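So the chains spell out like this:
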Amino acid sequence: MTAKATKTPPDTTRQLIDAEAEFRRWTPDEVVAKRLLPYTSVRVLKQKCYDRAIHHHNDGGRITFTVDDLRKENERTAVDPTGAR
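Residues numbered from 1 in each chain as written. Predicted model: local features only at pLDDT ≥ 70, side-chain atom pairs only at ≥ 80, totals over all residues. Heavy atoms only, no water.

**Some remarks on the nonpolar core**
- Formed by Trp26, Val31, Val32, Leu37, Tyr39, Leu45, Cys49, Ile54, Ile63, Phe65, Val67 and Leu70, the largest nonpolar core amounts to 12 residues.
- Residue assignment for this core shows that the elements contributing at least two residues are α3 (28-33), α4 (42-50) and α5 (67-76).
- Dropping the residues within four chain positions of it, Val32 is found in contact with Tyr39, Thr40, Ser41, Val42 and Leu45. (Core = buried A, V, L, I, M, F, W, Y, C linked by side-chain atoms within 4.5 Å. Buried < 20%, exposed > 50% of the residue type's maximum accessible area, 1.4 Å probe, protein only. Helix = DSSP H or I, 4+ residues; strand = E, 2+ residues; numbered from the N terminus. Contact = heavy atoms within 4.5 Å.)

Written out as structure tokens, the structure reads:
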């Protein structure tokens, strides 16, 4: 065998998954089931969206969450461990 034949190809699967995740939209059911946000009830999560209290998208009347929405919401609810304001 030659050195060229023994090289393993680069793993592009992870890159594709990361690229697809940027365009993925999660429903409130999926967000609660996967625990992507600190809400344990779909109803409470939807009510927060209706009240415009959290970041979300309203796609054709359906509530969805993008990666950016989840990041913004997690950043918004983060607690500073030093307690500095």
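**Things to note about α4**
- For α4, the side-chain oxygen to backbone nitrogen distance between the N-cap and Arg43 is 3.3 Å, and the N-cap itself is Ser41.
- Positive backbone phi, at 55°, marks Arg52, one or two positions downstream of α4. (Polar contact = N/O pair within 3.5 Å; in protein donor to acceptor, adjacent residues only side chain to side chain.)

**Things to note about the side chain of Thr66**
- Assignment of secondary structure puts Thr66 in the loop between β2 (62-64) and α5.
- In this structure Thr66 comes out as buried when scored by relative accessible area, which is 9%.

**Quick notes on the pattern of salt bridges**
- Per the counting criterion, the structure on display carries four salt bridges.
- Note that Glu30 is salt-bridged to Arg24, the shortest N-O span being 3.0 Å.
- For Glu30, a relative accessible area of 25% gives the class partly exposed.
- Salt-bridge contacts for Asp68 lead to Arg71; the nearest nitrogen and oxygen are separated by 3.6 Å. A residue pair is termed a helical-turn pair when its members lie 3 or 4 positions apart in one helix, as Asp68 and Arg71 do in helix α5 at three residues. (Salt bridge = Lys/Arg side-chain N within 4 Å of Asp/Glu carboxyl O.)

**Focus: α5**
- Where α5 is concerned, the buried positions are Val67, Asp69, Leu70 and Glu73. With its buried residues spanning 165° around the axis, α5 presents them on a single face. (Arc of directions from axis to C-beta.)

**Some thoughts on the environment of His56**
- Along the polypeptide, His56 turns up in the loop between α4 and β1 (57-59).
- Considering only alpha carbons, one finds His56 and Glu73, 17 residues apart in sequence, at a separation of 8.9 Å.
- A polar side-chain atom of His56 sits 3.0 Å from the main-chain carbonyl oxygen of Ile54.

**Observations concerning the side chain of Thr64**
- Structurally, the position occupied by Thr64 is in strand β2.
- A distance of 2.6 Å separates polar atoms of two side chains, one belonging to Thr64 and the other to Asp59.
- When near neighbours in sequence (up to four residues on either side) are disregarded, Thr64 contacts Arg25, Trp26, His56, His57, Asp59 and Asp69.

**Some details on unusual backbone geometry**
- Here the phi dihedral of Arg35 falls at roughly 55°; this positive angle occurs in a residue that is not glycine.
- Within the fold, Arg35 resides in the loop between α3 and α4.
- Residue class for Arg35 comes out exposed when judged on its relative accessible area of 71%.
- Of note in the backbone geometry, Arg52 takes a positive phi value of approximately 55° without being a glycine.
- Take Arg52: it is sitting in the loop between α4 and β1.

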